[in-house]
Amino acid sequence: ERWVRGVLVIERVEVGPLLSNSYLIFDPVPREAVIIDAGDDAWKILGVVQKHRVRVRAVYATHCHFDHIMAVGELKEALGCGFYIHRDDLSLLESASKEARKLLGASYPDPPKPDGYVEEGDEVKVGDGALKVIHTPGHSPGSVCYVAEGAVFTGDTLFTGSIGRVDMPGGDLEKLKASIFEKLFKLPDDYAVYPGHGPSSTIGAEKLYNVYVGENGILRE
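Worth saying up front: this structure is predicted, and the values here are computed from it rather than measured. (Residues numbered from 1 in each chain as written. Predicted model: local features only at pLDDT ≥ 70, side-chain atom pairs only at ≥ 80, totals over all residues. Heavy atoms only, no water.)

Draft legend 1. Layout of the sheet that holds strand 7 (residues 116-118). Strand order across the open sheet formed by seven strands is 1-2-3-4-5-6-7, with mixed pairing between neighbours. With partners counted over all chains shown, the strands left at the sheet margins are strand 1 (2-5) and strand 7, one partner each. Neighbouring strand axes in the sheet, compared pairwise and without regard to direction, differ in orientation by 30 degrees on average. Relative to strand 3 (residues 20-27), strand 2 (residues 8-15) runs antiparallel, the two sharing seven bridges. Bridge pairing links Ile10 to Ile25 in strand 3. Sheet strands in contact with helix 1 (residues 42-52) are strand 1, strand 2, strand 3, strand 4 (32-36) and strand 5 (55-60), and its direction is about 155 degrees off that of strand 2. (Pairing = 2+ DSSP bridges. Helix = DSSP H or I, 4+ residues; strand = E, 2+ residues; numbered from the N terminus. Axes fitted to C-alpha atoms, helices over the stretch in contact; angles between N-to-C directions. Contact = heavy atoms within 4.5 Å.)

Draft legend 2. How the structure looks around the pairing of strand 9 (residues 129-135). By the criterion of burial, strand 9 is predominantly enclosed, with five of the seven residues buried. Note: strand 8 (residues 123-126) against strand 9, four bridges, orientation antiparallel. Bridge pairing in strand 9 links Val126 to Gly129. Taking the residues that link successive antiparallel strands as the turn, the strand 8-strand 9 hairpin has two residues, and the phi of Gly127 there is positive, at about 60 degrees. The pairing of strand 9 with strand 10 (residues 144-148) spans four bridges and is classified as antiparallel. Within the sheet, the bridge partner assigned to Ile134 lies in strand 10 and is Cys145. (Buried < 20%, exposed > 50% of the residue type's maximum accessible area, 1.4 Å probe, protein only.)

Draft legend 3. A look at the sheet that holds strand 15 (residues 201-202). The sheet built from six strands is open, its strands ordered 8-9-10-11-14-15 with mixed pairing. The sheet is open, and its two borders are formed by strand 8 and strand 15, each paired with just one other strand.

Draft legend 4. Quick peek at the pattern of salt bridges. Applying the stated rule across the entire model yields 12 salt bridges. With a shortest N-O distance of 3.0 Å, Glu11 and Arg2 are connected by a salt bridge. The residue Glu32 makes a salt bridge to Arg55 at a minimum N-O spacing of 3.1 Å. Taken together, the positions of Glu32 in strand 4 and Arg55 in strand 5 put the pair 23 residues apart, joining distant regions of the chain. Several salt bridges converge on common partners, so that one network encompasses Glu1, Arg12 and Glu14. (Salt bridge = Lys/Arg side-chain N within 4 Å of Asp/Glu carboxyl O.)

Draft legend 5. Focus on empty space enclosed by the protein. Under the counting rule described, the total for this entry stands at one cavity of 30 Å³ or more. As a volume, the largest cavity reaches approximately 60 Å³. Lining the largest cavity, in full, are Val15, Gly16, Pro17, Leu18, Ser20, Gly39, Asp40, Phe66, Asp67, Met70, Leu104 and Tyr108. When the residues that make up the lining of the largest cavity are grouped by side-chain class, the tally is seven nonpolar, three polar and two charged. (1 Å grid on protein atoms, 1.4 Å probe; cavity = no way out; pocket = protein on both sides within 12 Å on 5 of 7 lines; lining within 4 Å. Points joined across faces, edges and corners; volume = space filled by probe spheres on them. Nonpolar A, V, L, I, M, F, W, Y, C, P; charged D, E, K, R; others polar.)

Draft legend 6. Spatial organisation of helix 1. Those residues of helix 1 not exposed but buried are Ala42, Ile45, Leu46, Val48, Val49 and His52. What you see down the axis of helix 1 is that its buried residues fit within an arc of 155 degrees, all on one side. Exposed residues on helix 1 whose side chains face more than 90 degrees from its buried face are Trp43 and Gln50. Contacts made by the buried residues of helix 1 are with strand 1, strand 2, strand 3, strand 4, strand 5 and helix 2 (72-79). Arg53, located one to two residues past helix 1, shows a positive phi value of around 50 degrees. (Arc of directions from axis to C-beta.)

Next up, the structure:
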């Protein structure tokens, strides 16, 4: 799937056994790109990079559960790009390959150390476009979302019709609700939602119909 938002082109790649979404975001004029989440199947992500002939500056993680970062090492090696996370997910990054082995029974190399950290309010330049970082803890302590013109990449904080799990280490339902109600739902209704798994939606649709946080959602107080 591919979308255009302002000057940026967005292409979604579904990767790995848990069907995680990886997004290539690029400005087609200077051919500058970033990747949001790289969970597995580095070859698949590299194929999309090569198809568009773009230069990837960095991989940015929405959070550090293994199904969102296990291809980062191969991508760094192939593309010479950086890798950035929120500092509060560093312990998840360090235990990611162990968790992958435990859950999938497969052997994964340890992901690389980050080249730096993103924080609330940071701006990630992509050619003439930009992504703004918002810190949205709840699914994990260091979960972040990236806001582009007309779109937000929500990782595992908000899905189409659902929300992220909070039953794993570092999960916190009250923080997740605050992240959704006080940050994501303050975005314009027509903003596209590009989640970490599953199909895309809009902020307006989730405010109305999401079974957990929508108008009649079970987490509404």
